[in-house]
Each structure stands twice: as C-alpha cells, then as structure tokens.
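# Inside the fold
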Amino acid sequence: MPTLLKIDVSTRGDYSVSRRLSNQFVEQWKLTHANGKVIERDLAKTELPHVELPWIMAAYSDPSTHNEEQKAALKIGDDLISELEAADEWLIATPMYNFAVPGKLKTYIDHIVRIGKTFNANADGSYTGLVTGKKATVIISSAGEYLPGTPTEGYDAEKPYLRAILGFIGVTDVNFIQAGSTWKIDRGVEKPEDFLAAFSEQVTAAAGKV
Ligand SMILES: Cc1cc2nc3c(=O)[nH]c(=O)nc-3n(C[C@H](O)[C@H](O)[C@H](O)COP(=O)(O)O)c2cc1C
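Model, not experiment: these values are computed from the prediction.

## Focus: the site of the ligand
Near the ligand there are 16 residues, and of these Ser10, Arg12, Ser16, Ser18 and Tyr146 occur at the shortest range. One of the backbone N or O atoms of Phe99 is found 2.8 Å from an oxygen atom in the ligand. Residue Tyr146 places a side-chain N or O atom 2.7 Å away from an oxygen atom belonging to the ligand. Coverage of the ligand by the protein chains reaches 76% of its 630 Å² of free accessible surface. Residues of the shell around the ligand, tallied by class, amount to seven nonpolar, eight polar and one charged.

## Focus: the pattern of salt bridges
With the rule as written, the count across this model stands at twelve salt bridges. Here Asp78 ties to Arg114 by a salt bridge, and the two come within 3.0 Å at their closest N and O atoms. Placement of the pair is Asp78 in helix 3 (residues 68-85) and Arg114 in the loop between helix 4 (103-112) and strand 4 (119-121), with a sequence separation of 36 residues. In this structure, the salt-bridge partner of Asp110 is Lys106, at a minimum N-O distance of 2.9 Å. Taken as a pair, Asp110 and Lys106 lie in helix 4 at a separation of four residues, close to a single helical turn. Residue Asp110 is classed as partly exposed on the basis of its relative accessible area of 24%. Salt bridges sharing common partners tie together Lys6, Asp8 and Glu40.

## Things to note about the nonpolar core
The biggest cluster of nonpolar side chains holds 32 residues, and the ones touching the most others in it are Trp90, Leu105, Tyr108 and Leu162. Not counting the four nearest positions on each side in its chain, Tyr108 is found in contact with Leu5, Ile7, Arg41, Leu43, Leu48, Leu80 and Leu84. Counting 18 residues, the second-largest nonpolar core is a separate cluster that includes Leu4, Ile139, Phe195 and Phe199.

## A word on the sheet that holds strand 6 (residues 135-141)
Taken in spatial order, the five strands make up an open sheet running 2-1-3-6-7, and their pairing is parallel. Each end of this open sheet is capped by a strand with a single partner; those strands are strand 2 (37-42) and strand 7 (173-179). Taking the axes of each pair of neighbouring strands and ignoring which way they run, one obtains an average angle of 15° across the sheet. Pairing geometry for strand 1 (residues 3-8) and strand 2, over six bridges, is parallel. Pairing of Thr3 across the sheet is with Lys37, part of strand 2. Sheet contacts for helix 1 (residues 17-32): strand 1, strand 2, strand 3 (89-95), strand 6 and strand 7; angle to strand 1, the most-contacted strand, approximately 170°.

## With respect to the pairing of strand 3
Across the seven residues of strand 3, seven count as buried, placing the element largely inside the fold. Side chains Glu89, Leu91, Ala93 and Pro95 of strand 3 all project onto a buried face; the interleaved residues Trp90, Ile92 and Thr94 project onto the opposite face, where all are buried too. Across five bridges, the pairing between strand 1 and strand 3 is parallel. The residue bridging Ile7 from the neighbouring strand is Ile92, located in strand 3. Summarising the sheet, strand 3 and strand 6 pair through seven bridges and their orientation is parallel. Looking across to strand 6, one finds that Leu91 is bridged to Thr137.

Thresholds, definitions, all that
Residues numbered from 1 in each chain as written. Predicted model: local features only at pLDDT ≥ 70, side-chain atom pairs only at ≥ 80, totals over all residues. Heavy atoms only, no water. Near = heavy atom within 4 Å. Polar contact = N/O pair within 3.5 Å; in protein donor to acceptor, adjacent residues only side chain to side chain. Areas by Shrake-Rupley, 256 points an atom, 1.4 Å probe, with all protein chains shown as cover. Nonpolar A, V, L, I, M, F, W, Y, C, P; charged D, E, K, R; others polar. Salt bridge = Lys/Arg side-chain N within 4 Å of Asp/Glu carboxyl O. Helix = DSSP H or I, 4+ residues; strand = E, 2+ residues; numbered from the N terminus. Buried < 20%, exposed > 50% of the residue type's maximum accessible area, 1.4 Å probe, protein only. Core = buried A, V, L, I, M, F, W, Y, C linked by side-chain atoms within 4.5 Å. Contact = heavy atoms within 4.5 Å. Pairing = 2+ DSSP bridges. Axes fitted to C-alpha atoms, helices over the stretch in contact; angles between N-to-C directions.

Here you go:
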C-alpha cells in the first residue's frame, strides 16, 4: 500500500501557510493513490525532548549495555524512525525561522539521524545513508523570498540544510516548494485563498497526476 508520511511543524494552526499547502498536497495525493495510507506526524503536538547525555551515550554504544534511561532516550527516535521507514514518500511542511528550520524540526532531525539506523560511517571517512527508495516533498513557508540571484539568497540556510541532511540519510529525491512572501497574507495585502492558489499547481504536481 502506498504510504505517505506527512510531517507538519507550524504552531499557527489554521493560519499556517505550510499546513494549508500540506493539506492541499494530501487531498491531491489521496486522489492519485486510491488505496494510499497517510501517517500524520504533527510536531506541534509531539513532545520531543532535546537529545542530551543519555541519548548521546546510548546512540554510540552497544545496546546490551544501555540502562533504562538510555533505552528510553533512544526509544523516541526508534519509534519515529519506524514511522518514517513505513512510508514510501515523505511530505515535510515547515516554516522558516531565523533563516533555518524551527527548533522543533531540528530536534526531530536530531532523533532520527542515528548511526546504524539511518546512516553508517565508513572506514574511509565517508557516510552511507540507510534510508533508500524514498522520495520527499518539502514545503517551506517564509515571509521572505530568497530567490536565486537576489540579495537575500545567501540568508537561506534552511533549504540547503534540509537537502543535505535528507541526502545524508539517503533521501536524495527531494522536491522543494518555497511559499515565500507570506507577509502579504499577514498584512492583508493578499487574500489567503489567492496566495495559496498561486502554489496549487506546484503542490498538486508534486502530489502526482490523477
Ligand atoms: C520566530 C520566527 C522567526 C521567523 N524567521 C523568519 C526568517 O528568518 N525569514 C523569513 O522569511 N520569515 C521568517 N518568519 C516568518 C515565517 O516564516 C512565516 O510567517 C511563515 O509563513 C510561517 O509559517 P506558517 O504560516 O506555516 O506558520 C519567522 C517567523 C517567526 C515566528
């Protein structure tokens, strides 16, 4: 059964541009994958501790030596990794915060990027991503635009980072949709429906043709 993992990040509920676009994606995806299953991972509603000493000690040591605290620290990531492995396709919908990913998404990434689980380190210093055969769509909502060739292009640390970290764990088929200039909705310059409509072709194309 085709399975989509939908990861939302924004805490802005119905005001969120990234969520409204990810919902649009899912509507289309359901049309193009009649028997498809959608797994929802809403990071705004997921309690995620930062990775700290018990996690670090456990992630790089023999599981047979782990104490209860270390086992519990790794279990969070184990469950999230099982969830993402269960999906053939991922949809990540996230705001830009301070030119980068919001902290909640970074914490999620810290849990799922695990040696021996999602990547391996090789003797020659190279790495091998272990999550293969997946494709991903990333929707980024941002107040600014960061278009190539414009003065703000260099500030965008989010798209390059997400491309790098997804590639690192083996997901190289990644399609980015940048929903920039969301300030136009917030300041009443553009109606939300008009703003969202401008991205619907990109979003529905990414979700597949019927
Ligand atoms: C804490 C914070 C930091 C932000 N930093 C940036 C930024 O660096 N660049 C930018 O273009 N927009 C920035 N924004 C604006 C959001 O990216 C924008 O409002 C986006 O639409 C939020 O996504 P959402 O609509 O899905 O909630 C920031 C917003 C917040 C709350």
